[in-house]
Amino acid sequence: AKIVGNLCKGNKSAGIGIRKRAEATVTKNRILDNGSVAIGVRNGSKIIAEKNTLSRKGGMPPLIAILENSQATLIDNDLSGGGVAGVLLQGNAHIENNRFHGNGPRKGGPPNFAIWVREGSEVTFSDNQVKGWRHALFASKAKQVTANDNQVRAFLGTALVIRDSEKPTTAKGNRAFSDDPKAQAIEVSGPTATVTGNQMEKN
């Protein structure tokens, strides 16, 4: 399917749903204030999403959910708001050159991650701009994580958190901006990782 140039607004559930091993290209849509996710990808489906605007003012669902070993390529999208995550991943994703505008960061309660990588998932997260989330990326027991050249602002504690991945992590050239003297650009644990050129800078 090719889904191009639509306004999907105020639906009770998802703005756009892709399931049962479907494949879709989703381009230049405005997906606004839907009841649950803006885009849901399920059951081993595949999506390429480029140049979309996704937003929701409240609620707990993520803006994009990639579930049940689905695959996604997300390039040059604007994501604003969201609950537990901008992107919830249980599968495989390439996420590049997107802008994540959170409505936090939220200190307590449910997760508040721009990218939430579930166990066994694989992600490449590069050249994104993230602001207003507790962490730009949180991964625990992922298959593999690559996170390069992202910029993170208005976060809490640590910008990128990558714990106990199955394969070695690569994290290079990420920049985090904060006036908190205890803030960290990155935390990595697990197999031997390549972690270079990540910087903490003042706002």
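Just above, that's the structure.
First, a word on scope: everything that follows refers to the structure included in this document. (Residues numbered from 1 in each chain as written. Predicted model: local features only at pLDDT ≥ 70, side-chain atom pairs only at ≥ 80, totals over all residues. Heavy atoms only, no water.)

**Notes on unusual backbone geometry**
Phase 1: The amide bond that connects Gly 104 to the next residue, Pro 105, takes the cis arrangement and shows omega of 10°.
Phase 2: Residue placement: Pro 105 occurs in the loop between strand 12 (99-101) and strand 13 (113-117).
Phase 3: A positive phi angle, close to 60°, is found at Lys 51, a residue other than glycine.
Phase 4: Here Lys 51 shows up in the loop between strand 7 (46-50) and strand 8 (53-56). (Helix = DSSP H or I, 4+ residues; strand = E, 2+ residues; numbered from the N terminus.)

**Brief notes about the sheet that holds strand 18 (residues 151-153)**
Phase 1: Across the sheet, nine strands lie side by side as 2-5-8-10-12-15-18-21-24; this open sheet has parallel pairing. Each edge of the sheet is formed by a strand with only one pairing partner; in this case those strands are strand 2 (7-9) and strand 24 (199-201). Sheet twist, expressed as the mean angle between neighbouring strand axes with direction ignored, is 10°.
Phase 2: Strand direction decides the pairing type here: strand 21 (residues 175-177) and strand 24, joined by three bridges, are parallel. Paired with Ala 176 across the two strands is Met 200, which belongs to strand 24. (Pairing = 2+ DSSP bridges. Axes fitted to C-alpha atoms, helices over the stretch in contact; angles between N-to-C directions.)

**Description of the nonpolar core**
Phase 1: Grouped together as the largest cluster of nonpolar side chains are 46 residues, with contacts concentrated most on Phe 100, Phe 125 and Leu 137.
Phase 2: Beyond its immediate stretch of four places on either side in the chain, Leu 137 contacts Ile 115, Val 117, Val 123, Phe 125, Val 145, Ala 159, Leu 160, Val 161 and Ile 162.
Phase 3: If you look at the next biggest cluster of nonpolar residues, it comprises seven residues, including Leu 88, Phe 113, Trp 116 and Val 161. (Core = buried A, V, L, I, M, F, W, Y, C linked by side-chain atoms within 4.5 Å. Buried < 20%, exposed > 50% of the residue type's maximum accessible area, 1.4 Å probe, protein only. Contact = heavy atoms within 4.5 Å.)

**Remarks on the pattern of salt bridges**
Phase 1: For the structure shown, the criterion picks out seven salt bridges.
Phase 2: Among the salt bridges present, the one from Glu 68 reaches Arg 42, with a minimum N-O distance of 2.9 Å. Of this pair, Glu 68 sits in strand 9 (residues 64-75) while Arg 42 sits in the loop between strand 6 (39-41) and strand 7, placing them 26 residues apart in sequence.
Phase 3: Of the charged contacts, one joins Glu 201 and Arg 175 as a salt bridge, the two residues approaching to 2.9 Å between their closest N and O atoms. Taken together, the residues Glu 201 in strand 24 and Arg 175 in strand 21 connect sequence positions 26 residues apart.
Phase 4: The exposure class of Arg 175 is partly exposed, given its relative accessible area of 31%.
Phase 5: Bridged by salt links that share partners, the residues Lys 51, Asp 76, Asp 78 and Arg 99 form one connected network. (Salt bridge = Lys/Arg side-chain N within 4 Å of Asp/Glu carboxyl O.)

**Quick notes on the side chain of Ser 126**
Phase 1: Here Ser 126 is to be found in strand 14 (residues 122-126).
Phase 2: With residues up to four places along the chain from it excluded, the contact list for Ser 126 reads Ile 95, Glu 96, Asn 97, Asn 148 and Asn 150.

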